[in-house]
Amino acid sequence: MSVDFGRPVAVLGRRTGPFSLRMDVRVAVVLTVMVVAALGITLTALMVGDYQVSAGGVFRAIFTEATTRVEHREHYVVVTKRLPRALLAVLLGIALGISGAVIQSLTRNPLGSPDVIGFNIGAYTGALVVIVLGGGSAVLGQSGGALVGGIATALAVYFLAYRQGVQGFRLIIVGIGLSAMLASFNTWLILTADLDTAMSAAAWGAGSLSTSTWAQVWIAVVVLVVLAVALVPYAGRMKLLEMGDDAATALGVRAERTRLVLLILGVALTALATAIAGPIAFVALAAPQLAKRLTRTAGVSLVPAAAMGALLLSASDLVAQRLFAPTQLPVGVVTVSIGGLYLVWLVARETRRN
C-alpha cells in the first residue's frame, strides 16, 4: 500500500513490505511552506495578546522551568492559557482538512464536504441533545453525543441516497435536505431549553476555541491519531474509488463497503472538531481544494488537505482573537465569512465550467 502525497514522480526512502512513500517535489515544497506558515501563526498566537510575550519568552516558557516572577507569569500566559488553544486550532484544522478530503473524494465533487452535506450539523445535533435534553456539559458527554449524531446522520444520508450504489451528487442533495431538517430541530432544541443552557448552546454553536483546555487537547490528540491510523489502509482504496466503482471492483476493492467505512471515518473526524469547538464551517470545504490547486495534483490528497486545514483554522483563530481586540470573535464567524466568499467563487467557477 502506498501513502500518496501527489503525483508520484519521486520516491523517498526504500520500499519496505507493503508500504511505500511517494512525493512530488512541488508537493513537498508546498507542504513545507504550509507547515512553516502554520508554525509561524501558532508562534504569533502565543506571543500576542493583552500580555505581550517575546519569541524567546515563548520558548523559555515552554521548554524551561520558571524561576523568576516574570518567567512564572510568562509560563502561565503561554502554557496554561494560550498553548491549548493554539494546539487545538492546529489539531482540529488537521481533522477538518482530512475529513473534507475524504468526503470530496467519495462524492467526486468540490462541494461535497461535511459542511454542505450536513454531517457537522448532525454532530452538532448530537451534542445539543446531550447539553439540552440530557443536561450534560462535560467534554466526554458532548464528544460522545457529537460522534453519535454525526455517524447517525452519515448513515441516514447514505441509506437514503442508496439506489444500487451511492452516487456523489445524490449524496450531496440528500445531505442538504437532511441538514435543513436538523437545523430546524436544533433551533427548536435551543428555544425549548432554559435561558442559561440556550445561551451557552447558541454561543458554542457559533464555533469557538476560547474555552480550550489541556484535557481537550489530549482528547483531540488521541482521537485524531486513532482515526488517522484507521484511515491509512483505506487511503489507496479511496484513490481507486475515484476511478469509478467498476474499475475499483476490478482491482479488488469492495466499493460499497469501502465507501461506507470512509464515510464513517470522515464523519468521525468532523464530529471530533464539532464536539470540542462547535460546528466550524467551510474549513473542510476549502482546505482540500486549496491544497489541490497549490500542489497541482489530479485529485484531493489527505496530507496536503490536513496541512491546509491546520493553516486555515490557526490563521482564522488568530484573526478571531485580534481583529476586534480585546473583544474576541468565535472562530466559526471568521471561517464562515471567509468560506462564504470562497463558496461563491467555487459555485461560479463550477457553473462556468458546466
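Calculation notes
Residues numbered from 1 in each chain as written. Predicted model: local features only at pLDDT ≥ 70, side-chain atom pairs only at ≥ 80, totals over all residues. Heavy atoms only, no water. Helix = DSSP H or I, 4+ residues; strand = E, 2+ residues; numbered from the N terminus. Buried < 20%, exposed > 50% of the residue type's maximum accessible area, 1.4 Å probe, protein only. Axes fitted to C-alpha atoms, helices over the stretch in contact; angles between N-to-C directions. Parallel < 35°, antiparallel > 145°, perpendicular 65-115°, else oblique. Contact = heavy atoms within 4.5 Å. Nonpolar A, V, L, I, M, F, W, Y, C, P; charged D, E, K, R; others polar. Core = buried A, V, L, I, M, F, W, Y, C linked by side-chain atoms within 4.5 Å. pLDDT = per-residue confidence, 0-100. Patch = residues over 30% accessible without salt bridge, like charges linked within 9 Å, V, L, I, M, F, W, Y side chains within 5 Å. Areas by Shrake-Rupley, 256 points an atom, 1.4 Å probe, with all protein chains shown as cover. Salt bridge = Lys/Arg side-chain N within 4 Å of Asp/Glu carboxyl O. Phe/Tyr/Trp six-rings, centres within 6.5 Å; stacked < 30°, edge-to-face > 60°. Lys NZ or Arg CZ within 6 Å of the ring centre and 35° of its normal. Lys, Arg positive; Asp, Glu negative; His and termini not counted. Arc of directions from axis to C-beta. Expected span 1.5 Å × (residues − 1). Bend = angle between axes of the 7 residues up to and from the residue.

1. Overview of the overall build of the protein chain
Step number 1: For the protein chain, the helix and strand inventory stands at 14 helices and two strands.
Step number 2: Relative to its full complement of 354 residues, the protein chain shows a buried share of 49%.

2. Brief notes about the packing of helix α3 (residues 69-107) against helix α12 (residues 283-295)
Step number 1: Their axes nearest at 7 Å, the elements α3 and α12 cross at an angle of 75 degrees. With respect to their mutual orientation, α3 and α12 come out roughly perpendicular. Note on element contacts: α12 touches α3 through V283, A284, L285, A287, P288 and Q289, opposite L96, G97, G100, A101 and Q104.
Step number 2: For the contact of α3 with α12, the class distribution of residues is seven nonpolar, four polar and no charged.

3. Comments concerning the nonpolar core
Step number 1: Formed by 60 residues in total, the largest nonpolar core has its most connected members in L92, V102, F119, L262 and L302.
Step number 2: Not counting chain neighbours up to four residues away, the residues in contact with L262 comprise V102, L106, L231, Y234, M238 and L241.
Step number 3: Counting 14 residues, the second-largest nonpolar core is a separate cluster that includes L128, V132, W204 and A275.

4. Details of the confidence of the model for the protein chain
Step number 1: Per-residue confidence for the protein chain gives a mean pLDDT of 82; residues scoring 70 or more make up 88%.
Step number 2: Looking over the protein chain, one finds the lowest element-wise mean pLDDT in strand β1 (residues 2-4), namely 45, and the highest in helix α13 (residues 302-322), namely 93.
Step number 3: Low pLDDT, under 50, characterises residues 1-20; the stretch is placed with 43 contacts to residues that sit more than four places away or in other chains.

5. Observations regarding the environment of V148
Step number 1: On the secondary structure map, V148 appears in helix α6 (residues 139-161).
Step number 2: Overall, V148 belongs to the exposed group, its relative accessible area being 58%.
Step number 3: Through-space distance from the C-alpha of V148 to that of V267 is 9.9 Å; in sequence the pair is 119 residues apart.

6. A closer look at a nonpolar patch on the surface
Step number 1: Together, V129, L133, F185 and W188 make up an exposed nonpolar region whose accessible area comes to about 380 Å².
Step number 2: Taken together, the elements giving at least two residues each to the nonpolar patch come down to α5 (119-133) and α7 (168-192).
Step number 3: Tracing the backbone through its elements, the reader meets L133 in helix α5.

7. Some details on the environment of Y162
Step number 1: Among the secondary structure elements, Y162 is positioned in the loop between α6 and α7.
Step number 2: As for Y162 and E256, which are separated by 94 residues in sequence, their C-alpha atoms are 9.9 Å apart.

8. Quick word on the pattern of salt bridges
Step number 1: Summed over the entire model, instances satisfying the criterion amount to three salt bridges.
Step number 2: Of the charged contacts in the structure, one is a salt bridge between E71 and R60, with a shortest N-O distance of 3.9 Å. Placement of the pair is E71 in helix α3 and R60 in helix α2 (residues 55-63), with a sequence separation of eleven residues.
Step number 3: Using a relative accessible area of 32% as the deciding quantity, one classes R60 as partly exposed.
Step number 4: The closest approach of N and O atoms between D317 and R85, which form a salt bridge, is 2.9 Å. One end of the pair, D317, is in helix α13; the other, R85, is in helix α3, and 232 residues separate them in sequence. Neither D317 nor R85 differs from the other in exposure class; each is buried.
Step number 5: Several salt bridges converge on common partners, so that one network encompasses R60, E71 and E74.

9. Section: the packing of aromatic side chains
Step number 1: According to the stated counting rule, one finds three aromatic pairs in the structure shown.
Step number 2: Ring geometry for F59 and F63: centres 6.2 Å apart, planes at 15 degrees, overall stacked. Of this pair, F59 and F63 both sit in helix α2, four residues apart, which is roughly one turn of the helix.
Step number 3: Over the aromatic face of Y234 sits the side chain of R237, whose NZ or CZ is 4.5 Å from the ring centroid.

10. A short note on the side chain of R82
Step number 1: Its location among the elements puts R82 in helix α3.
Step number 2: Of the buried charged residues, R82 lacks a salt bridge, with D50 as the closest side chain of opposite charge at 6.9 Å.
Step number 3: Apart from the residues lying within four places of it in its own chain, the contact partners of R82 are A45, L46, M47, V48, G49, D50, Y51, V53 and V77.

11. Re helix α8 (residues 195-205)
Step number 1: Among all positions of α8, only T197, A198, A201, W204 and G205 are buried. Mapping the buried residues of α8 onto a view down its axis gives an arc of 135 degrees, with all of them on the same face. Among the exposed residues of α8, those oriented more than 90 degrees off its buried face are L195, D196 and M199.

12. Some details on α3
Step number 1: The end-to-end C-alpha distance of α3, which contains 39 residues, comes to 56 Å, matching closely the 57 Å that a straight helix rising 1.5 Å per residue would cover.
Step number 2: At R82, α3 is deflected by roughly 50 degrees, the largest bend along its length, and proline P84 occurs up to four residues later in sequence.
Step number 3: With respect to burial, α3 is a largely interior element, 28 of its 39 residues being buried.
Step number 4: Count one or two residues on from α3 and you reach R108, which has phi positive near 55 degrees.

13. Some points on the side chain of T258
Step number 1: Relative to the helices and strands, T258 is located in helix α11 (residues 255-277).
Step number 2: Classification of T258 as buried rests on a relative accessible area of 3%.
Step number 3: Dropping the residues within four chain positions of it, T258 is found in contact with Y234, R237, L241 and V253.

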